[in-house]
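Reading the structure
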Amino acid sequence: MTRQDSLRTIAIKTRIFAALAPFVAALTILVALAAAQHAGQVSASNSASAASPSGGPPLARLQSPGLPRSADAGPDQAVPSVSALSFEPPVTYPLPGGYSMSAAVGDVNGDGIPDIIVISGIGSPNGDGLVSVLLGNGDGTFQPATSFDSAGGFPDAVISADVNNDGKLDIVVANCSSTAGLDCPGSDGVLAVFLGNGDGTFQSPITISTGGPPAWQMAVADVNLDGNLDAVVGTDGEGALLFLGNGDGTFQPPSGPLGYGGISPTVADVNGDGKPDLLMAAGGAVYVLLGNGDGTFQPPVGYQDISGIFAISVAEDVKGDGELDVLAEGYGSVRGTKVRVLFGNGDGTFTTKPPVVRKTGYGQSFAVADLNGDGIPDLATGQCEDSHCTGGEGFVVALTSTGDGWFIQPRVFDAGADDAQSITAADLNGDGEPDLVVAHFWSNGVTVLLNNTVFSDSPTSTSLTSSQNPSPFGQKLTFTATVSSASGSPPDGEGVTFFNGSAVLGKGTLKGGVASLTAHGLPAGTYRIAASYRSDASLMASTSPVIKQVVTPSALTTTTLSSAPNPAAYGQPVVLTAVVT
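Residues numbered from 1 in each chain as written. Predicted model: local features only at pLDDT ≥ 70, side-chain atom pairs only at ≥ 80, totals over all residues. Heavy atoms only, no water.

1. Thoughts on the overall build of the protein chain
Defined as follows: Only DSSP runs of H or I covering at least 4 residues are called helices, and only runs of E covering at least 2 are called strands; the numbering of each starts at the N terminus. Burial classification: accessible surface area is computed with a 1.4 Å probe over protein chains only, and a residue below 20% of its type maximum counts as buried, one above 50% as exposed, and the rest as partly exposed. Throughout, a contact is declared for two residues whenever any of their heavy atoms are within 4.5 Å. Here the accessible surface of atoms and residues is derived via Shrake-Rupley with a 1.4 Å probe, and residues count as covered only by protein chains that are part of the display.
Counting secondary structure elements, the protein chain contains 1 helix and 42 strands. A total of 581 residues make up the protein chain; the buried ones form 57% of that total. Restricting the contact set of the protein chain to residue pairs at least 6 apart, pairs at least 24 apart contribute 55%. When the accessible area of the protein chain is evaluated, it comes to approximately 20,900 Å², of which 53% is carbon and sulfur surface.

So, in structure tokens, the structure goes:
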């Protein structure tokens, strides 16, 4: 595959963790596998399923009835009441150079207003790529782009983050090559760091070579927990390289490669042990490398998923069970692309065979954010009309999440220019609603779509208690969820779903803001129990914190010991009595 061909089949996506700075747009992560078995009993007022401890695979998993897949929704199928997605007409800002591959959002001049950073594959006088900065005005409009050399040939990814710990956002660029040119000639990718001055200007680049392979996609995170940001750079099919940060904007020589492929490297704690894990894609598989917390990782575990995966992203919780979930996008065997949702089990594995979202057109990237304000992450995908995006108008397809893993009610929006290479979600005008930033490969511009969806009125809070924790094997348990909001309790009759990891335990019906689920026959082990309330027309969704429910192997006992007489004389017989209850 030539570099030019590859450019149209690999979408560049970047992940910037929200903790790094306000307004920073984010993406990231991957996949794993959990087999289904059957044991135990769980009963509830509305539904029932089996369960297993969180240390093992879920024993059963209930699909929510009546929820359609994407555009398959029919008039007789139950669709939750949610706000219809809506965006203002697109506004496109011209960029110098051409072949924009990636965009990021962050406040680079310290005025509290988000700015846009975009890279272009060509445009510098010496043939290098360009970095363009568009300072925000605070109302969703932006000033004309200021551009500078990307310090390498054909930049593929850009991230805004504070890599020298001075409180000012910097720019990190992954350049495909050290040699200028459209086809990424030669080798030696270049990681370029532009330290921010805090006023929207940047210092001369600090560069470091990959030592051979080209640099493509990238993630920035503290993988060795030393307080300094590190960079994980994907290569052209050779795995990912790890650049440990020194905390002053410089990085150590790369180590690796890690994993396989290196497409869309992502960092997140997918097993809840407080140590960053690494995920990436290669061809039709995704790979999970559990982190050791010191910058090293366990061997990759691969899971076959979708042919031609070119982008992955971690969603906060698309199913409402309190666990991180993963979305992967790739080319299918028919026209268009597929997005597969993978439900996290909380232990670094994921439940397979989730719904697949089919889309019109050909996807290049996607963003995950709560676009309609119901508290549930939604999906926006950048699209073009043919598989190589060589012509035709670009568009955005936005889909609403139902809260239990389905994405429905697709709506198509004009992307403002040809193709939609990169899409990022962030609040650009300070109204609390995520907007969209679209970078265009062929038309040398970046487009802003401001969100004007009418959001749901009131946030909710869900709490969860257990009748006994720990509990002995065979003990009946009752889990009680309480849902509240500033405007009062949800209407009686609405539902709450109870989860063990990603497995549905059952559903309860709210009465006075309280719903319960009774379970019995749970095998011994530890369970990750959460309760999720899905939104209605006026109340937002919420999920309780996870309870780690412990079921002991046998019934709990209490032993008491007494003696008689006490005190006793020397040589006098003493009777010791033990009572076990």
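2. A word on the sheet that holds strand E31 (residues 445-449)
What counts here: Here, any two strands with at least 2 DSSP bridges between them count as paired. Think of each axis as a best-fit line through the C-alpha atoms, taken over the contacting stretch in the case of a helix, with angles from 0 to 180 degrees between the N-to-C directions.
Read from one edge to the other, the open sheet built from 4 strands follows the order E3-E31-E30-E29, with strand pairing classed as antiparallel. Each edge of the open sheet is held by one strand with a lone partner, namely strand E3 (91-94) and strand E29 (422-426). Strand-to-strand twist in this sheet, taken as the mean axis angle between neighbours without regard to direction, amounts to 20°. Relative to E31, strand E30 (residues 435-440) is paired through 5 bridges, and the arrangement is antiparallel. When the sheet's bridge partners are listed, Ala439 is paired in E31 with Val446.

3. Topic: the side chain of Asp325
To keep it simple, the criterion reads: Whenever two N or O atoms come within 3.5 Å, that pair is a polar contact, provided that in protein one can donate a hydrogen and the other can accept it, and provided that, for residues adjacent in sequence, both atoms are side-chain atoms.
Here Asp325 shows up in strand E21 (residues 325-331). Separated by 2.9 Å, the side chain of Asp325 and the backbone nitrogen of Gly344 make a polar contact.

4. Brief notes about the packing of aromatic side chains
Describing an aromatic ring pair means giving the distance of the ring centres and the angle of the ring planes. The criterion, for reference: Centre distance within 6.5 Å is the pairing criterion for rings of Phe, Tyr and Trp, where only the six-membered ring of Trp is used; planes under 30 degrees apart are then read as stacked, over 60 as edge-to-face, and the remainder as tilted.
All told, the structure shown has 9 aromatic pairs when counted by the stated rule. Judged by centre distance (5.1 Å) and plane angle (55°), the ring pair of Phe148 and Phe194 falls under tilted. Here the residue Phe148 occupies a position in strand E7 (residues 146-149), and Phe194 occupies one in strand E10 (residues 190-194), the gap between them amounting to 46 residues. A relative accessible area of 2% places Phe194 in the buried class. Ring plane angle 85° and centroid distance 4.9 Å describe the contact between Phe441 and Trp442, whose orientation is recorded as edge-to-face. Note on Trp442: relative accessible area 30%, which makes it partly exposed. Here the aromatic residues Tyr99, Phe154, Phe441 and Trp442 are joined through ring pairs into a cluster of three or more.

5. With respect to the pattern of salt bridges
A pair can form between side chains of opposite charge whenever their charged atoms are brought close. What counts is decided by this rule: Basic side-chain nitrogens of Lys or Arg form a salt bridge, by our definition, when they fall within 4 Å of a carboxyl oxygen of Asp or Glu.
For the coordinates displayed, the defined rule picks out 1 salt bridge. Put simply, Arg528 and Glu323 hold a salt bridge, and the shortest N to O gap is 2.7 Å. Remark: Glu323 occurs in the loop between strand E20 (309-315) and E21 and Arg528 occurs in strand E38 (residues 525-533); sequence separation between them is 205 residues. Residues Arg528 and Glu323 agree in their burial class; the two are buried.

6. Considerations on the environment of Pro472
Examined against the element boundaries, Pro472 turns out to sit in strand E33 (residues 471-472). Spatially, the C-alpha atom of Pro472 lies 9.3 Å from that of Leu522, the residues being 50 residues apart in sequence.

7. Focus: unusual backbone geometry
Here the amide bond leading from Gly256 into Pro257 is cis, since omega sits at 5°, within 30 degrees of zero. Positionally, Pro257 belongs in strand E15 (residues 255-258). With omega at 10°, the peptide bond leading from Asn566 into Pro567 counts as cis. In this fold, Pro567 is placed in the loop between strand E41 (559-564) and strand E42 (575-580). Of note, Tyr99 is a non-glycine position whose phi angle comes to about 65°, a positive value. In this fold, Tyr99 is placed in strand E4 (residues 98-106).

8. What to know about the confidence of the model for the protein chain
Should the pLDDT be low somewhere, the predicted coordinates at that spot are not to be read in detail. Where we set the bar: In predicted models, pLDDT denotes the confidence assigned by the predictor to each residue on a 0 to 100 scale.
Here the protein chain averages 78 in pLDDT, while 77% of its residues score no lower than 70. Contacts for the low-pLDDT stretch residues 1-82, under 50 throughout, to residues beyond four places or in other chains number 285 contacts.

9. Thoughts on the sheet that holds E10
Taken in spatial order, the 4 strands line up as E8-E9-E10-E11 in an open sheet, and their pairing is antiparallel. Looking along the sheet, the strands with just one partner apiece sit at the ends: strand E8 (153-161) and strand E11 (206-209). Strand-to-strand twist across the sheet, computed as the mean angle between neighbouring axes with direction ignored, equals 20°. Taken together, the 4 bridges between E10 and E11 define a ladder with antiparallel strand orientation. Along E11, the bridge assignment pairs Val193 with Ile206.

10. Focus: a nonpolar patch on the surface
What counts here: Each patch is assembled from residues with relative accessible area greater than 30% and no salt bridge, linking like charges that lie within 9 Å and nonpolar side chains (Val, Leu, Ile, Met, Phe, Trp, Tyr) that lie within 5 Å.
Residues Leu561, Val574 and Leu576 make up a contiguous nonpolar surface patch of roughly 330 Å² in combined accessible area. Among the secondary structure elements, Leu561 is positioned in strand E41. Note on Leu561: relative accessible area 65%, which makes it exposed.

11. Some points on the environment of Leu241
Position of Leu241 relative to the elements: it lies in strand E14 (residues 240-243). On the basis of relative accessibility, which here comes to 7%, the residue Leu241 falls in the buried class. Linking Leu241 and Leu258, residues 17 residues apart in sequence, is a C-alpha distance of 6.3 Å. If near-sequence neighbours (up to four positions away) are discounted, Leu241 is found in contact with Thr210, Pro213, Ala231, Val232, Val233, Thr235, Pro254, Ser255, Gly256 and Pro257.

12. Here's the deal with the environment of Asn246
Checked against the element boundaries, Asn246 lands in the loop between E14 and E15. Accessibility expressed as a relative area gives 36% for Asn246, which makes it partly exposed. Along the chain, Asn246 and Val163 lie 83 residues apart, while their C-alpha atoms are 8.6 Å from each other. Aside from chain neighbours lying at most four places away, what touches Asn246 is Asn228, Phe251 and Gln252. Side-chain polar atoms of Asn246 contact the side chain of Thr250, separated by 2.9 Å.

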